[in-house]
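Each chain, written out:
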Amino acid sequence: MKIDSAQLKFILENTPASQNIMLVGRHGIGKSRILEAFFEERGEKVVTLFLGQMSDPGDLIGLPHLDEATGRTEFMLPYWFPTDGKPVVLFLDELNRARPEVLQTVMDLTLNRKLAGKSLPEGSRIISAVNGGSEYQLTDLDPALVSRFNIYEFAPSVEDWINWARATRIDSRIISFIEENPELLDGDENYSQENLERSPDRRSWERLSKIIESFTELGELHQPMVSGIIGDKAAAIFFEFVNSNRVPTVAKILEGDFSKNQELLSDLGFTDFTQLNEAVYRWLEKNSSTAGAEVAKNLVSYFEWFTDNNKKELQAHFASLVSAERYPAALNYIVEKAPELYKKLLDLSDSL
């Protein structure tokens, strides 16, 4: 049975630490991110080990050395092994990419919570992740090892990702695009990676967001760069979407006659406005040094339009974007040219 993010969190909350969990799923769907966020919020340390990158058991259990006091050979503890007595969450990623000799070491770890004779602190958890699909180079897992795990197929929904994307401020153009094209969030499940061509996944959309967030508009020069992140096919559809002119340009809103151009706002949906709100900040970040009093006046009118049309959620979204780290020039412009607006935004931000 497939589980989404909410079901995974419920399982994590209610599974005893003594029972191991195995998550089966495609790469790039957020397995490690969700685990780290969940346990760190509870104050539990997560140690991630990429077993597919380990060449021999020594990478996992540490190297042998001679104890001169006893004359016996012992294993030096690996860098990650907890020495403070506090329990850890040991996340064994890429379990089915590990070499057979590494998997033999994992057997004792999953059954007895021991590694080369050293016990993990009481209450420690073991969670593994395996990649499923014919596109991966995988190692067959011993049935005896598999039997030591509770196994779940993790398939987070598009809604899961959209909620996360909004909370982490992924570029709103990407969020709007995925809402209308959900099949492109994870790309083609049967996609062949021959010739190193790209197909989008959740990681690639996050990388794309970090690149395009500083660009008010996307043009021909941007498309090859975007194609290298999400692939030619997805990039072509994405550019057609963002350049469809459904959302009015910031120049029309801030530089034109707002009393006339406000009609362009009446047919926009929530996600359209989140895209426009972010575009406003990006435009101010780029043009604040030359923007005059008319821009400030239109900016205030744009914000007041939300009040006049009972768009409280959009007011809150606009206020949430106020950031000296992300948009320092835009923030300085609002403080200097529209101080009353800045006070309203500050009050709203404090109430969020």
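One structure accompanies this document, and this report is about it.

Some thoughts on the overall build of the protein chain
Regarding its fold elements, the protein chain presents 17 helices and ten strands. Relative to the compact-globule value of 20 Å for 352 residues, the protein chain shows a C-alpha radius of gyration of 26 Å, a clear excess of over 25%. By its C-alpha atoms, the protein chain is 85 × 45 × 35 Å across when sized along the principal axes. Here the protein chain holds 352 residues, and the buried ones make up 45% of them. Considering only intrachain contacts with a sequence separation of at least 6, the fraction spanning at least 24 residues in the protein chain is 72%. Counting every atom, the protein chain has about 18700 Å² of accessible surface; 48% of that belongs to carbon and sulfur. Each charge class in the protein chain was averaged separately, 37 positive and 55 negative side chains, and the resulting centres sit 2 Å apart.

Points about a nonpolar patch on the surface
A cluster of nonpolar side chains, Ile211, Phe215 and Met225, forms an exposed patch at the surface whose accessible area comes to about 210 Å². Structurally, Met225 can be placed in helix α9 (residues 222–230). Here Met225 falls in the partly exposed class, since its relative accessible area comes to 34%.

Let's talk about the packing of helix α13 (residues 270–287) against helix α14 (residues 293–308)
Packed helices, taken two at a time, are described by the angle between their axes plus the distance between the axes. In contact at an axis separation of 13 Å, α13 and α14 are set at 160 degrees when each is read in the N-to-C sense. Classified by the angle their axes make, α13 and α14 are roughly antiparallel. The handedness of the crossing between α13 and α14 is left-handed. Between α13 and α14, the contacting residues are Phe273, Leu276, Asn277, Val280, Trp283 and Leu284 on the first element and Val295, Leu299, Tyr302, Trp305 and Phe306 on the second. Classifying every residue of the contact of α13 with α14 by side-chain character gives ten nonpolar, one polar and no charged.

Parameters at a glance
Residues numbered from 1 in each chain as written. Predicted model: local features only at pLDDT ≥ 70, side-chain atom pairs only at ≥ 80, totals over all residues. Heavy atoms only, no water. Helix = DSSP H or I, 4+ residues; strand = E, 2+ residues; numbered from the N terminus. Rg over C-alpha atoms; globule rule 2.2 N^0.38 Å. Buried < 20%, exposed > 50% of the residue type's maximum accessible area, 1.4 Å probe, protein only. Contact = heavy atoms within 4.5 Å. Areas by Shrake-Rupley, 256 points an atom, 1.4 Å probe, with all protein chains shown as cover. Lys, Arg positive; Asp, Glu negative; His and termini not counted. Charge placed at Lys NZ, Arg CZ, Asp CG, Glu CD. Patch = residues over 30% accessible without salt bridge, like charges linked within 9 Å, V, L, I, M, F, W, Y side chains within 5 Å. Salt bridge = Lys/Arg side-chain N within 4 Å of Asp/Glu carboxyl O. Axes fitted to C-alpha atoms, helices over the stretch in contact; angles between N-to-C directions. Parallel < 35°, antiparallel > 145°, perpendicular 65-115°, else oblique. Left-handed = near helix turned anticlockwise from the far one by under 90°. Nonpolar A, V, L, I, M, F, W, Y, C, P; charged D, E, K, R; others polar.

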